[in-house]
Amino acid sequence: MHRLRRPFQLIRADLRAYLLVNAIVYGVLLLGMALGTLFPDLHAARVASFAGGEQGALVNAVIGNGWVFGVVIFLVNVFPTALLLITLPSLVVPFAGLVVFAIKTIDLGVTLAPVDATSRLTLIPHSLTLLIEFQAYALVMFGAYLLGRSWLRPATADAPTRRQGYVRGLTRLAWLWLPALALFVIGAGYEAVEIYFLVPLVLGS
């Protein structure tokens, strides 16, 4: 039970910072979508780049198998994104992962911009995927924020030195990874259902 309560205790202890991180996460996504809608050529370029890149090739390779697709989505969300973009940079430079992820999210928002009827309809079921997965990212980012703050201001973590503040911040980040992983599993499962059942339904295909 302690493992279930600890992440929520961290959120309650710094609720204002947690809400601010959420505002940043979802805000930059919406900003990217707005830019993609305002500049359709930019959206088209980003979609073409994704389709012709490694991630697009990976999606095409696994799209025929729902279980494999869900596993791949989970792995992509956890390793290249939450771990490499948010966590690892924050271990080296305080708050670096927050900046890197914000830039990446604007780019993703441009790609997902509802520029036509098909993309607008697809976004109806996909909005829940974004809500779940980006909440997982928000938890990891909140942990990265706590790490950076504990590192630079160890007194906020009741630590006498920056080294001990770093260790305590790292522990808090690890606790917040637990609910994030659970949300990544849920999000990947729902996204598989969305792609194979809900999107064809809303598109009438």
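Here, every reference points to the structure presented above.
Analysis parameters
Residues numbered from 1 in each chain as written. Predicted model: local features only at pLDDT ≥ 70, side-chain atom pairs only at ≥ 80, totals over all residues. Heavy atoms only, no water. Axes fitted to C-alpha atoms, helices over the stretch in contact; angles between N-to-C directions. Helix = DSSP H or I, 4+ residues; strand = E, 2+ residues; numbered from the N terminus. Parallel < 35°, antiparallel > 145°, perpendicular 65-115°, else oblique. Left-handed = near helix turned anticlockwise from the far one by under 90°. Contact = heavy atoms within 4.5 Å. Nonpolar A, V, L, I, M, F, W, Y, C, P; charged D, E, K, R; others polar. Expected span 1.5 Å × (residues − 1). Buried < 20%, exposed > 50% of the residue type's maximum accessible area, 1.4 Å probe, protein only. Salt bridge = Lys/Arg side-chain N within 4 Å of Asp/Glu carboxyl O. Phe/Tyr/Trp six-rings, centres within 6.5 Å; stacked < 30°, edge-to-face > 60°. 1 Å grid on protein atoms, 1.4 Å probe; cavity = no way out; pocket = protein on both sides within 12 Å on 5 of 7 lines; lining within 4 Å. Points joined across faces, edges and corners; volume = space filled by probe spheres on them.

Here's the deal with the packing of helix H5 (residues 66-92) against helix H7 (residues 117-152)
Next, step 1: Where H5 meets H7, the axes come as close as 10 Å, and the angle between the chain directions of the two elements is 15°. As summarised for this structure, H5 and H7 are arranged roughly parallel, according to the angle between their axes. The two elements H5 and H7 cross, and the hand of that crossing is right-handed. Counted together, Ile73, Asn77, Thr81, Ala82, Ile86, Thr87, Ser90, Leu91 and Val92 of H5 and Glu133, Tyr137, Val140, Met141, Ala144, Leu147 and Trp151 of H7 form the full contact between these two elements.
Next, step 2: Tallied by class, residues from the contact of H5 with H7 come to 11 nonpolar, 4 polar and 1 charged.

So, the environment of Gln9
Next, step 1: With respect to the secondary-structure elements, Gln9 resides in helix H1 (residues 2-13).
Next, step 2: The spacing of Gln9 and Gly109 is 100 residues in sequence and 31 Å in space, taken between C-alpha atoms.

Topic: the side chain of Glu194
Next, step 1: As for its position among the elements, Glu194 is in helix H8 (residues 162-203).
Next, step 2: If near-sequence neighbours (up to four positions away) are discounted, Glu194 is found in contact with Pro125, His126, Thr129, Val199 and Pro200.

Some remarks on helix H6 (residues 96-111)
Next, step 1: For H6, with 16 residues, the first-to-last C-alpha span of 23 Å sits near the 22 Å given by 1.5 Å per residue.
Next, step 2: Taken together, the buried positions of H6 are Ala96, Gly97, Leu98, Phe101, Ala102, Thr105, Gly109, Val110 and Thr111.
Next, step 3: Packed against the buried residues of H6 are helix H2 (15-38), helix H3 (40-52), H5 and H7.

Observations concerning the pattern of salt bridges
Next, step 1: With the rule as written, the count across this model stands at 2 salt bridges.
Next, step 2: A salt bridge links Asp14 to Arg149; its shortest N-O distance comes to 2.8 Å. Of this pair, Asp14 sits in the loop between H1 and H2 while Arg149 sits in helix H7, and the two are 135 residues apart along the sequence.
Next, step 3: A salt bridge links Asp107 to Arg46; the nearest nitrogen and oxygen atoms lie 2.5 Å apart. Of this pair, Asp107 sits in helix H6 while Arg46 sits in helix H3; the two residues are 61 residues apart in sequence, bridging distant segments of the chain.

Considerations on the packing of aromatic side chains
Next, step 1: According to the stated counting rule, one finds 8 aromatic pairs in the structure shown.
Next, step 2: Between the aromatic rings of Trp151 and Tyr166, the centroid separation amounts to 4.7 Å while the plane-to-plane angle is 75°, which identifies the pairing as edge-to-face. Pair noted here: Trp151 is in helix H7 and Tyr166 is in helix H8, with a separation of 15 residues, a long-range link.

Focus on the layout of surface pockets
Next, step 1: Approximately 1,400 Å³ is the volume attributed to the largest pocket.
Next, step 2: Taken together, 42 residues line the largest pocket, and the ones lying closest to its centre are Phe50, Leu108, Thr111, Leu112 and Glu191.
Next, step 3: Looking at the lining of the largest pocket, the elements that each hand over two or more residues are H3, helix H4 (54-62), H5, H6, H7 and H8.
Next, step 4: Of the residues belonging to the lining of the largest pocket, the class tally is 22 nonpolar, 13 polar and 7 charged.
Next, step 5: Considering only enclosed or pocket space, the second largest pocket measures out at about 160 Å³ in volume.
Next, step 6: Along the walls of the second largest pocket sit Gly66, Trp67, Gly70, Val71, Phe74, Val185, Ala188, Gly189 and Ala192, which together make up its complete lining.
Next, step 7: For the lining of the second largest pocket, the secondary structure elements donating two or more residues are H5 and H8.

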